[in-house]
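What the coordinates show
One letter stands for each residue in the lines below.
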Amino acid sequence: MKLLFLRHGEAAYNLRGLCNADPGVAVALTPAGRRQAEATAERLRDWPIQRVYVSRLQRAQETAAIVNASHCAQIHVDARLDDRSTGYEGRPVADYLNAMQSAADPFTWKASGGESYRDMVARVHAFLDELTKVDASMVLVVTHHEALQAVNGYFRQLAPKEMWQVWVDHCELLEFEVN
């Protein structure tokens, strides 16, 4: 099975440098983000995508809908693909990163109301354990930056510190094969 993982297109909060993991807070793609998704849709137009999995967040769902338009694959929404709940909803990403990186162990640290990096990795890995058993030849997963760090960690057997070093751009596509 070929697994395709895609980060959502650029969203309004990316431009503003704000945290968002609450699916109840609508954060749409920017015009540039829609163009990124459309370019990815064109690139994947002839690929035989059979299923699409997506987080509950608007920016990921918009990206998935644009890319899936020519495939008409069934879309499955899974909360385990949501962005990391930082506890800094609507606040600057820089504040969250500063707090995390000043902790004794940044990967087990969590803010009030948030989840640790290790907690996020565990939920993404639980999703991947199930995904690798799906009966499909090609699957697309649309999610978020830190979730894609966890995806890389799963398939490349990376430790949290190594995962943290992975950068995935908007609408960047990652491909993995599983038997």
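Residues numbered from 1 in each chain as written. Predicted model: local features only at pLDDT ≥ 70, side-chain atom pairs only at ≥ 80, totals over all residues. Heavy atoms only, no water.

Considerations on the sheet that holds strand β3 (residues 74-77)
- The strand order across the open sheet built from five strands is β3-β2-β4-β1-β5, with neighbouring strands paired in mixed fashion. This sheet does not close on itself; its edge strands, each paired only once, are β3 and β5 (173-177). Pairs of neighbouring strands in the sheet enclose a mean axial angle of 20°, with direction left out of account.
- In the sheet, strand β2 (residues 51-54) pairs with β3 via four bridges, with the strands oriented parallel. For Arg51, the partnering residue across the bridge sits in β3 and is Gln74.
- Across the sheet, helix α3 (residues 58-68) touches β1 (2-7), β2, β3 and β4 (138-143), and the angle it forms with β2 is around 165°. (Pairing = 2+ DSSP bridges. Helix = DSSP H or I, 4+ residues; strand = E, 2+ residues; numbered from the N terminus. Axes fitted to C-alpha atoms, helices over the stretch in contact; angles between N-to-C directions. Contact = heavy atoms within 4.5 Å.)

Quick notes on the packing of aromatic side chains
- Counting across every chain of the model gives 10 aromatic pairs.
- A centroid spacing of 5.0 Å and a plane angle of 75° characterise the contact between Tyr154 and Phe155, whose relative ring orientation is edge-to-face.
- A residue is classified by how much of its surface remains accessible, and Tyr154, at 23% relative accessible area, is partly exposed.
- Plain terms: the ring middles of Phe155 and Phe176 are 4.4 Å apart, the flat faces sit at 15° to each other, and that makes the pair stacked. Residue Phe155 is located in helix α6 (residues 145-156), and its partner Phe176 is located in strand β5; the two are separated by 21 residues in the primary sequence.
- For Phe155, a relative accessible area of 22% gives the class partly exposed.
- Three or more aromatic residues link up through ring pairs in this structure, and these residues are Phe5, Tyr154, Phe155 and Phe176. (Phe/Tyr/Trp six-rings, centres within 6.5 Å; stacked < 30°, edge-to-face > 60°. Buried < 20%, exposed > 50% of the residue type's maximum accessible area, 1.4 Å probe, protein only.)

Re unusual backbone geometry
- Residues other than glycine seldom take positive phi values, yet Cys72 does so here, at roughly 55°.
- Along the polypeptide, Cys72 turns up in the loop between α3 and β3.
- Within the chain, Gln157 stands out as a residue other than glycine whose phi angle is a positive 55°.
- With respect to the helices and strands, the residue Gln157 is situated in the loop between α6 and α7 (160-164).
- Overall, the relative accessible area of 72% leaves Gln157 in the exposed class.

A look at the packing of helix α5 (residues 117-131) against α6
- At their nearest, the axes of α5 and α6 sit 9 Å apart, and the two run at 60° to each other. Crossing handedness for the pair α5 and α6: right-handed. Two secondary-structure elements touch here, α5 through Tyr117, Met120, Val121, Val124, His125, Leu128 and Asp129 and α6 through Glu146, Ala147, Gln149, Ala150, Val151, Gly153, Tyr154 and Phe155.
- Per-class residue counts for the contact of α5 with α6 are 10 nonpolar, three polar and two charged. (Left-handed = near helix turned anticlockwise from the far one by under 90°. Nonpolar A, V, L, I, M, F, W, Y, C, P; charged D, E, K, R; others polar.)

Examining the pattern of salt bridges
- What the rule picks out here adds up to 11 salt bridges.
- The partner of Glu175 in a salt bridge is Arg43, and the shortest N-O contact between them spans 3.9 Å. With Glu175 in strand β5 and Arg43 in helix α2 (residues 31-44), this residue pair connects regions lying 132 residues apart in the sequence.
- Judged by relative accessible area, Arg43 falls into the partly exposed class, the value being 48%.
- We note a salt bridge from Arg56 to Asp82, for which the minimum N-O separation is 2.6 Å. (Salt bridge = Lys/Arg side-chain N within 4 Å of Asp/Glu carboxyl O.)

Just geometry here; none of it tells us what the structure is for.
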